[in-house]
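Listed below, chain by chain, are the residues.
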Amino acid sequence: MVNLIPGKTLLKFDEQFPVYNWLYPMKGQDLDVTSHEKLYSGLDVSGVRGRALYFHIPFCETICTFCTLNRGIGAEGDEAIELYVRALIKEIQIKSRYASVASLPITAVFFGGGTPTTLSADQIRRIGQAIHDHFDLSALEEFTFEMEVKSITEEKCVAMREIGVNKARFGLQTFDPAYRELFNITATLDQTHAAAELLRRYFDYTSFDIIYGMHGQTIERFARDIQQAVDLGTETIEFYPITNLVTQASLHHGYVKAGLSPLSFMQKMSMTMFLNQYIRSSGFQQHNGHGYLRLPEGETPDPKHFISRRYTNVYNKFFWAHHDVDLMGFGNSAVSQTGEYTIMNDENRATYTKNLLENDDFKINVTVADGIPYERGVVLHLPYFGWLAKDSVEWDKVPAEIIHKLGRLIAEGLVVEDSEEYRITELGWYWYVNMMYYLSPETDQRILDDFVALKGRLSGITDGDRRMTLPLSVA
């Protein structure tokens, strides 16, 4: 259990929660065996005001050691990918027959994985055409495609642009050759720079991921990564502290072989503080818990708003943000969340593909929460996006437990409020993950605690000391 520390100190919690994103709500009851027909034909979406779509492409040319997402080996031209594409299009066709799925305009589309650029240009066009044929895209604001630089080509960029993609995002992770080898990143930095230049010509926004806090990493090595990330010239950058508990054991075996020890979470916090100062002095401003927007030349961040209001990841607003927006997922293991329901497609790619192609069917697992999570905006949107409009929440339906916790965060200087909204402070931004955990109901906290305890018992996984205050010795 992570506890809030009262008083005037930088260390606002007694330890750092070691996971950085999760579904909400966590609690819920599994439905008895059900089908997509039973669920979606009776699903009430009258209270939903916005929707995002997610498409899972579970193939990678190489497997990165920090990643535990649902994916397998595959390269452009493989028959398995073509069969999967046909199955994915079949799922689009089947689900779009339900008014609960197809009646709402789509605000954001996200292709993730895996590696979506293992698709050919023709496959990208075919999936894109199916999306346009079966969904209302008149309100579309953001269409994001995740990429790996070895598989990016100009032909694919043209295809993506044709289907409406306006944001490209690739996984760079680090410029440091030692850590690139440990992560099993096989692309060269020359390929990375060439890809960034190509993507800027085709898309409105180009972004990439940087991971930090690896075993043995120093501030000096991290500073070199930050500067090279800035120099790449993209509009946005995402910096993530590594979540050691959910990486592969092979990465940790590599750490041991290289003689690298895990960093404490106090050391990681110092890196986050260093990043904050470095990146802002380089002309960037935070736009969520880990994303940074490059400001126009000569412009400085808005002093009133620590978190930028001019840009955000629209897709994340639907995956996390409020009780009255939802997410529809497509592909094996893809997650949908709407109202009180969390739905996961068949996790097995082979059976997902076979059932769709041979039986026009697919399996789902459904969890039902106690009710619509009206508090989601408080628990997730406020800490992660940095602000929350008061009129976006039905406060009379938010549990008193959560409102009380919000008051404590205000008293501790992590959040401020005015007549229209709540905003996190710079101090609050350092603790946004802990605030998401803290604001969650105790039932959800217990599930998260159990998850962390289970992962911590896995053989071969090493992590640093999470304590943010050291116990006093007794003489």
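Cut-off values and rules
Residues numbered from 1 in each chain as written. Predicted model: local features only at pLDDT ≥ 70, side-chain atom pairs only at ≥ 80, totals over all residues. Heavy atoms only, no water. Helix = DSSP H or I, 4+ residues; strand = E, 2+ residues; numbered from the N terminus. Rg over C-alpha atoms; globule rule 2.2 N^0.38 Å. Contact = heavy atoms within 4.5 Å. Buried < 20%, exposed > 50% of the residue type's maximum accessible area, 1.4 Å probe, protein only. Salt bridge = Lys/Arg side-chain N within 4 Å of Asp/Glu carboxyl O. Expected span 1.5 Å × (residues − 1). Arc of directions from axis to C-beta. 1 Å grid on protein atoms, 1.4 Å probe; cavity = no way out; pocket = protein on both sides within 12 Å on 5 of 7 lines; lining within 4 Å. Points joined across faces, edges and corners; volume = space filled by probe spheres on them. Pairing = 2+ DSSP bridges. Axes fitted to C-alpha atoms, helices over the stretch in contact; angles between N-to-C directions. Phe/Tyr/Trp six-rings, centres within 6.5 Å; stacked < 30°, edge-to-face > 60°. Lys NZ or Arg CZ within 6 Å of the ring centre and 35° of its normal.

## What to know about the overall build of the protein chain
At step 1: What the protein chain contains, in helices and strands, is 17 helices and 18 strands.
At step 2: The C-alpha atoms of the protein chain give 22 Å as radius of gyration, which agrees with the globular expectation for 475 residues (23 Å, within 12%).
At step 3: On the principal axes, the C-alpha backbone points of the protein chain span a range of 70 × 55 × 50 Å.
At step 4: A separation of at least 24 residues holds for 77% of the contacts in the protein chain among residues at least 6 apart in sequence.

## Description of helix α11 (residues 314-321)
At 3.6 residues per turn, the α-helix brings residues three or four places apart onto the same side.
At step 1: The buried count for α11 comes to six of eight residues, which makes it a mostly enclosed element.
At step 2: Of all the positions in α11, only Val314, Tyr315, Asn316, Phe318, Trp320 and Ala321 are classed as buried.
At step 3: Structurally, α11 contributes buried residues whose contacts are with β2 (50-57), β5 (106-113), β6 (142-147), β12 (325-330), α13 (376-385) and α16 (432-439).

## Things to note about the pattern of salt bridges
When the charged atoms of two side chains with opposite charge come close together, those side chains can pair.
At step 1: Following the criterion strictly, the structure yields 26 salt bridges and no others.
At step 2: With its nearest N and O atoms 3.7 Å apart, the salt bridge here joins Glu154 to Arg201. Of the two residues, Glu154 is situated in helix α5 (residues 154-163) and Arg201 in helix α7 (residues 189-202); the sequence distance between them amounts to 47 residues.
At step 3: In this structure, Glu421 engages Arg309 in a salt bridge whose closest nitrogen and oxygen atoms are separated by 2.8 Å. Of this pair, Glu421 sits in strand β18 (residues 421-424) while Arg309 sits in the loop between β11 (291-294) and α11, and the two are 112 residues apart along the sequence.
At step 4: Since its relative accessible area comes to 35%, Arg309 is described here as partly exposed.

## Section: unusual backbone geometry
At step 1: The peptide bond linking Tyr24 to Pro25 adopts the cis configuration, its omega dihedral lying at 0 degrees.
At step 2: Positive phi is not limited to glycine here, since Asn184 has a value of about 60 degrees.
At step 3: As for its placement among the helices and strands, Asn184 is situated in the loop between α6 (177-182) and α7.

## Thoughts on helix α8 (residues 219-231)
At step 1: Compared with an ideal rise of 1.5 Å per residue, which puts 13 residues at 18 Å, α8 spans 18 Å between its outermost C-alpha atoms and is within 8% of the ideal.
At step 2: Burial in α8 covers these residues: Phe222, Ala223, Asp225, Ile226, Ala229 and Val230. Buried residues in α8, looked at end-on, bunch into an arc of 160 degrees, giving them a common side. Within α8, the exposed residues directed more than 90 degrees away from the buried face are Glu220 and Asp231.
At step 3: In this structure, the buried residues of α8 make contact with β8 (205-212), β9 (236-241), α10 (265-281), β10 (284-286) and β11.

## Considering empty space enclosed by the protein
At step 1: Applying the stated criterion across every chain, the model contains three cavities of 30 Å³ or more.
At step 2: Looking at the largest cavity, its volume works out to about 220 Å³.
At step 3: Of all the elements, α10 adds the most residues to the lining of the largest cavity, at five residues.

## A short note on the sheet that holds strand β16 (residues 387-389)
Paired through backbone hydrogen bonds, the strands of a sheet run either parallel or antiparallel to each other.
At step 1: Taken in spatial order, the three strands make up an open sheet running β16-β18-β17, and their pairing is antiparallel. Of all strands in the sheet, those bounded by a partner on one side alone are β16 and β17 (415-417). Sheet twist, expressed as the mean angle between neighbouring strand axes with direction ignored, is 15 degrees.
At step 2: Where β16 meets β18, three bridges bridge the pair, whose relative direction is antiparallel. Note that in β18 the partner of Leu388 across the bridge is Tyr422.
At step 3: The strands that helix α14 (residues 400-411) touches are β17 and β18; relative to β17, the one it contacts most, it runs at about 100 degrees.

## Focus on the packing of aromatic side chains
At step 1: All chains considered together, the criterion is met by 29 aromatic pairs.
At step 2: Seen from their ring centres, Tyr212 and Phe222 are 4.7 Å apart, and the 20 degrees between their planes marks the pair as stacked. Here Phe222 lies in helix α8 and Tyr212 lies in strand β8, a separation of 10 residues in the sequence.
At step 3: In textbook terms, an aromatic cluster arises when at least three aromatic residues are bridged by ring pairs, as seen for Tyr212, Phe222, Phe239, Tyr292, Phe306, Trp429 and Tyr430.
At step 4: Taking NZ or CZ as reference, Lys95 lies 4.1 Å from the ring centre of Phe330, over its face.
At step 5: The ring of Trp387 is capped by Arg309, whose NZ or CZ atom sits 4.3 Å from the centre of that ring.

## Side note on the environment of Gly464
At step 1: Within the secondary structure, Gly464 sits in the segment after α17 (442-456).
At step 2: Considering only alpha carbons, one finds Gly464 and Leu263, 201 residues apart in sequence, at a separation of 5.1 Å.
At step 3: If near-sequence neighbours (up to four positions away) are discounted, Gly464 is found in contact with Pro262, Leu263, Ser264 and Phe265.

## Considerations on the environment of Phe319
At step 1: By secondary structure assignment, the location of Phe319 is in helix α11.
At step 2: Separated by 13 residues in sequence, Phe319 and Asn332 place their C-alpha atoms 18 Å apart.
At step 3: Setting aside anything within four residues of it in sequence, one finds Phe319 in contact with Leu23, Leu327 and Gln337.

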